[in-house]
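Structure at a glance
Listed below are the residues making up each chain.
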2 protein chains.
Amino acid sequence: MPTDAIIRFLENYIPVSEGEKSLIQAPFEEHVLKRRQKLLRSGEVCKAYTFVVSGCFRMYGVDDRGFEHNIQFVAENDWIADMASFYTVKASLLNIEALEASRVLQIGQADLYRLYEEVPKLNRIFKVMIEHKYIELQNRVLQNFSSTAEQRYLDFLEQYKALANRLPNTQIASYLGITPEFLSRIRKNMQTKR
Amino acid sequence: MPTDAIIRFLENYIPVSEGEKSLIQAPFEEHVLKRRQKLLRSGEVCKAYTFVVSGCFRMYGVDDRGFEHNIQFVAENDWIADMASFYTVKASLLNIEALEASRVLQIGQADLYRLYEEVPKLNRIFKVMIEHKYIELQNRVLQNFSSTAEQRYLDFLEQYKALANRLPNTQIASYLGITPEFLSRIRKNMQTKR
DNA sequence: CTGATTTTTTAAACTAGGTCAAGGGTACCT
DNA sequence: AGGTACCCTTGACCTAGTTTAAAAAATCAG
């Protein structure tokens, strides 16, 4: 069953009984996406919390000049949602797009809130999960202090080794907040250094 | 009682019974800080979750060249902690420093975890609280996309009107990721524009 | 296998923001 | 009242990263 992956994920935090398992698994719906297809478009309300079974997504915003800026990448066995939009039920400023053909499981607001009631320990699990997400985001902010773009690129490669190979450099540049042209120059520079 | 402020804060989320109130209030310890005094130094483990009763703090990191970068400001009726260090019990990369004479209430890890058991609804409240913190941090990341420093400064003034008046411009510059000199130039420019 | 789309690289001109150095203002401590 | 520490501003010069444009390389869909 594809929802087994969710249970495995949750059990990394706290064990879950058989009865709870079926309660949890029931409301999730499976979806298959092609490369480039979107889970969320800015302007829409983010109506679902998404678990990635396979594939890879980027979450990005668009600035006033139309440039895209990646905020995070999410691959298999992780969750993605625009929490700001999901919890406030307001239009999202973000987009979520598949970078590869992907398979996901989604749960809507109403179902998730019902689950919180039926399986109260989910509050604890999701609290911890969001703490992890917060820490990850804070590390992203901290990383941006490393003054030069080259250092940030090296940090990125170290932290997301596995992912980095799957991502086009244009996407990485957008994450680092530089142009693809400049990233290309950084890479060239790094070669001649060693 | 100073811990009443905490109850008022929690009741913004979910009502709390009298019995729960005293359970919650018991473990908090009050501390008074002078301007410049630190709640947390990088290298230490963040051992306490702090509620600000009055005053104002900045959380900042220091880059490899010794420059400080403010990550967030927190004023009265809000919480501050380095979650990364608090929850992982590892050395923090951050500092927390009073920008004004301040009064705080602190709870340690062990006490907080015991409280989560005694008053399970705190899991729900803290989950929501951390969601809010996450959203705030994500907005910070998004705001940084507004390409020019001037736009980011205007956004900051709009979002933190009240706080902005209390903060020296050097601190604001450090938050915006620019030098105080350049912020000064932006401000001069804005005057001549209108 | 092939044409089409996307990605990566190069290079030259340009700009936002940084650096360094110095002067003046303000607030607090004693 | 006077000193010390902090804060804000200004100017001249410098550099990391952008822009634009164009071509080479890689990847994808049919």
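This is a predicted model, so every value here is computed, not measured.

About the thresholds
- Residues numbered from 1 in each chain as written.
- Chains lettered and ligands numbered in written order.
- Predicted model: local features only at pLDDT ≥ 70, side-chain atom pairs only at ≥ 80, totals over all residues.
- Heavy atoms only, no water.
- Least-squares fit on C-alpha atoms with pLDDT ≥ 70 in both.
- Contact = heavy atoms within 4.5 Å.
- Helix = DSSP H or I, 4+ residues; strand = E, 2+ residues; numbered from the N terminus.
- Buried < 20%, exposed > 50% of the residue type's maximum accessible area, 1.4 Å probe, protein only.
- Domains from an automatic or database assignment.
- Buried area = accessible area lost by both parts, 1.4 Å probe.
- Salt bridge = Lys/Arg side-chain N within 4 Å of Asp/Glu carboxyl O.
- Nonpolar A, V, L, I, M, F, W, Y, C, P; charged D, E, K, R; others polar.
- Polar contact = N/O pair within 3.5 Å; in protein donor to acceptor, adjacent residues only side chain to side chain.
- Axes fitted to C-alpha atoms, helices over the stretch in contact; angles between N-to-C directions.
- Parallel < 35°, antiparallel > 145°, perpendicular 65-115°, else oblique.
- Left-handed = near helix turned anticlockwise from the far one by under 90°.

Remarks on the relation of the copies chain A and chain B
The two copies are related by a screw motion: chain A maps onto chain B through a turn of 180 degrees and a shift of 0.0 Å along the axis, at an RMSD of 0.0 Å. The superposition of one copy onto the other is thereby described by a two-fold rotation axis. Relative to the rotation axis, the C-alpha of Lys127(A) is the closest in chain A, positioned 2.3 Å from it. Mapped onto chain B, 100% of the interface residues of chain A are again interface residues, and the two copies thus contact each other with one and the same surface.

A short note on the side chain of Ser85(B)
Residues and elements named next belong to chain B. Mapped onto the elements, Ser 85 comes out in helix 3 (residues 83-88). Taking the relative accessible area as the measure of exposure, Ser 85 reaches 2% and is therefore buried. Leave out the neighbours within four places in its chain, and Ser 85 touches Glu 44, Val 45, Cys 46, Lys 90, Ala 91 and Ser 92.

Side note on the domain arrangement of chain A
Residue and element names in this part refer to chain A. Each assigned domain of chain A is listed with its residue range as follows: domain 1 (4-143) and domain 2 (146-194). The centre of domain 1, based on its C-alpha atoms, is set 26 Å off from the matching centre of domain 2. The partner domain 2 presents 13 residues to the 17 residues of domain 1 that form the contact. Buried area between domain 1 and domain 2, summed over both chains or domains, comes out near 1300 Å², and the portion from carbon and sulfur atoms is 44%. Inspection of the domain 1/domain 2 interface yields two salt bridges. Across the salt bridge formed by Arg 166 and Glu 76, the nearest N and O atoms sit 2.9 Å from each other. Those elements that place two or more of their residues in the side of domain 1 that touches domain 2 are strand 4 (56-62), strand 5 (68-75) and helix 5 (121-143). Ranked by residue count, the leading element in the side of domain 1 that touches domain 2 is strand 5, at seven residues. Classifying every residue of the side of domain 1 that touches domain 2 by side-chain character gives six nonpolar, five polar and six charged.

Regarding the interface of chain A and chain B
With 31 residues of chain A at the interface, the matching set in chain B holds 31 residues. Interface of chain A and chain B: buried area, both sides summed, is about 3100 Å²; carbon and sulfur atoms make up 72% of it. On the surface where chain A and chain B come into contact, there are zero salt bridges. At the boundary of chain A with chain B, the tally comes to four residue pairs in polar contact (both at pLDDT 80 or more).

Topic: the packing of helix 5 of chain A against helix 5 (residues 121-143) of chain B
Contact geometry for helix 5 of chain A and helix 5 of chain B: axes closest at 9 Å, N-to-C directions at 25 degrees. Put simply, helix 5 of chain A runs roughly parallel to helix 5 of chain B. Note that helix 5 of chain A runs across helix 5 of chain B; the crossing there is left-handed. Of helix 5 of chain B, the residues touching helix 5 of chain A (which contributes Asn123(A), Arg124(A), Phe126(A), Lys127(A), Ile130(A), Glu131(A), Lys133(A), Tyr134(A), Leu137(A), Gln138(A) and Val141(A)) are Asn123(B), Arg124(B), Phe126(B), Lys127(B), Ile130(B), Glu131(B), Lys133(B), Tyr134(B), Leu137(B), Gln138(B) and Val141(B).

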